[in-house]
Amino acid sequence: MKTTQILIAGFGGQGILFAGKFLAYKGLTEDLQVSWLPSYGPEMRGGTANCNVILSDTPVGSPIITTPDVLVAMNLPSLQKYVDTVAPGGQIYVDSALIEEKVTRTDVDVFYIPATQMAKSQGIATLANMIIMGHLLENNPELSFEGTEEVVKKLVPPKKAALVELNIKALTLGKEYK
Amino acid sequence: MAERVLMKGNEAIAEAAIRAGCKHYFGYPITPQTEIAAYMAKKMPKIGGVFLQAESEIASINMVYGAAAAGVRVMTSSSSPGISLKAEGLSYIAGSDIPALVVNVQRGGPGLGGIQPSQSDYFQATKGGGHGDYRMIVLAPASVQEMASLTIKGFNLADKYQMTSMILADGTIGQMMEPITFEDAEIENYEKPWALTGTNCERKHNIVNSLYLKPEELEVKNFERYEKYKAIEENEAMWEEYMMEDAKYCVVAFGIAARVAKNAVVAARNEGIKVGLIRPITLWPFPQKAIKEAADKVNGFISVELSMGQMIEDIRLYTESKKPVALCNRCGGMIVSPDEVLQSIKNAEKGVF
C-alpha cells in the first residue's frame, strides 16, 4: 500500500497505544514497512495520549507524523488539535458518543461512530478503540479484515486470553457499523 | 531469513546485548530508557545473568567498572541527567583501558530538563563528559534495527580497543517500534589477558587502575591511548550517504534527525533541488573523510540537530570552514519537522546560511 500515516489520539486509558499496536502488527503480518511511535510524556497519566503509525510498501522515513492521512479522534481536544492537519482526501474517525462537534472540512471523509456508547451497551466498555479499528479496516480494504484474529492473539498477553474474543467482537461491531 | 518482529528501540538494545553475550547489566531507572532495564530484569535471571538495579547511577557505573575489570561483557543504560552522574566512572573506565557498553537514550537538558527526545548530549558523548584526555566510541542509531546492530557492534569494538562504546540514541528511537530481524549476532572474541580472573598462583597479579602518580608514566599512558584513538579514527568511522553523487548541498544529520532530514531531502529532490544527506553512524570517530570530500564539491552544508548546534562544530572543523554551514535545529524535546529542513535547504539554494 502507499505510505499511510495514521494518527490516533484521545485520553490516556482509552487504549490509544493499543489500537496503534494493532495496526502496526496488522501491517507487520501483511509484510508492510511499519513504524509505531507513542507519546510517552506526562500526558500519558490521565491527559491526552497519541500514537503515530505509518504503514508503507517502502521504508519509513521519519516516524513522526505532521500531516496524517487518517485521524482517529477519541476525545474533543484531540479532534480540535489535529483536524486541520489531516491531508486533503484523508479520513477522520470520530467517537461521536464523546464528541458532539461535527467536522466542517469538506475535503476529507468523516466517519462518526458512537464507539464508546456501543462498547458500553455490549458490556465491553474498554474496547471502544477496537470498534473504531474495525470500522477503519472496513474502510481501508488494502488492510483487510482477514487475519485480525491472529493479530489480536499476538497482542493480548497469554494470561488475558479471554480478551481475544472480546477484541474480535469489538472489531466486528465496528466493521458492521453503518 | 529470520522472522520480522516488532520491538521498541529500547527493547532491541537489551535483546541485542544479550545475544552479544552480555550477562551483566547494572542500571538505575530513568525515562525514556527504562524499557532496557525492564527487559533485562525479565531476561537476565532466565539466562543465568545478572540484573541489578543499583542505588544510584554512580553505583551502577562503578559496578560496570568492576565487572569490566573481571573481563565480562557488561553494560549500563541511562538518559541524559543519569549519564552526567556516570561521568566520573566513564573517566575511570577510560583511564583503566577496559571495555564497557554505555547507552544514553537522550532527553532534553540541561539540568533535569524534560523527558522528550533530544540530541543535546553530543558534546558530552564525543568530547568528554568526564575529566581527562579520553575518548569513547559513539554510535548513533537511526532505526530500531540499528539499535540492535550497533549494540552488537559496540560490544565488539569495546573489546577490540579496550574502551567504552556509547550508544547515543534519543527518546524517539528508544520508544518507537519497528520491525526488526535478529540475524545471528557476529560476536568477535578477544583475549583479555589483563582481566582480573584470579591468578591460580600461576601468573603475576593483574592490576586494573587509573592512578599513575608519576607524571612520566601517566604521560606515556596517555600517549599510548591516543595512538589507539588515532587507529580508530582511521579505521572505524561509519556513515551513510544518500543522494550525494550529484549533490550541490549536503544535509548532515544523525539519529532521529536524519530520519526527518531524509524526508526533506526527498521532498527537495522532487522540487528539483540537488541535495544529499550524510548521516554519521559513528559520531566519534566522526566521518571526517566523507565531510572533507563533500566540502570539495557542494556549495554548502546544513546541520540538522535536536540541540542548539553541537555537531555543527565538527562539520565546520572537518570542512576547514571551506563552505558555509547552516543550522536547522529544535531543542528541549521539540523535533525538527521535514518542512523546517526543506526550508533550510531552499534558503541554502538562495545562498542564505
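Residues numbered from 1 in each chain as written. Chains lettered and ligands numbered in written order. Predicted model: local features only at pLDDT ≥ 70, side-chain atom pairs only at ≥ 80, totals over all residues. Heavy atoms only, no water.

### Brief notes about the overall build of chain A
For chain A, the count of helices and strands is six helices and six strands. Along chain A, helices (α) and strands (β) appear in the sequence β-α-β-β-β-α-β-β-α-α-α-α when read from the amino end. Taken over the C-alpha trace, chain A has a radius of gyration of 15 Å; the compact-globule value for 178 residues is 16 Å, and the two agree within 12%. Expressed along its principal axes, the backbone C-alpha trace of chain A runs to roughly 40 × 40 × 35 Å. Working note: accessible area of chain A is about 7900 Å², and carbon and sulfur atoms make up 53% of it. In chain A, the 15 positive side-chain charges and the 18 negative ones have mean positions that sit 8 Å from each other. (Helix = DSSP H or I, 4+ residues; strand = E, 2+ residues; numbered from the N terminus. Rg over C-alpha atoms; globule rule 2.2 N^0.38 Å. Areas by Shrake-Rupley, 256 points an atom, 1.4 Å probe, with all protein chains shown as cover. Lys, Arg positive; Asp, Glu negative; His and termini not counted. Charge placed at Lys NZ, Arg CZ, Asp CG, Glu CD.)

### Overview of the domain arrangement of chain B
Residues and elements named next belong to chain B. We note that the domain assignment places domain 1 (5-235) and domain 2 (239-349) within chain B. For domain 1 versus domain 2, the separation of C-alpha centres amounts to 28 Å. The interface of domain 1 with domain 2 comprises 32 residues on the first partner and 27 residues on the second. Of all residues in domain 1, Gln119, Tyr122 and Phe123 bury the most surface against domain 2, accounting for 30% of the area lost on that side. Remark: the boundary between domain 1 and domain 2 carries three salt bridges. Here Lys127 and Asp314 are joined by a salt bridge, their closest N and O atoms 2.6 Å apart. Between the two partners, domain 1 and domain 2, sit 13 residue pairs in polar contact (both at pLDDT 80 or more). (Domains from an automatic or database assignment. Contact = heavy atoms within 4.5 Å. Buried area = accessible area lost by both parts, 1.4 Å probe. Salt bridge = Lys/Arg side-chain N within 4 Å of Asp/Glu carboxyl O. Polar contact = N/O pair within 3.5 Å; in protein donor to acceptor, adjacent residues only side chain to side chain.)

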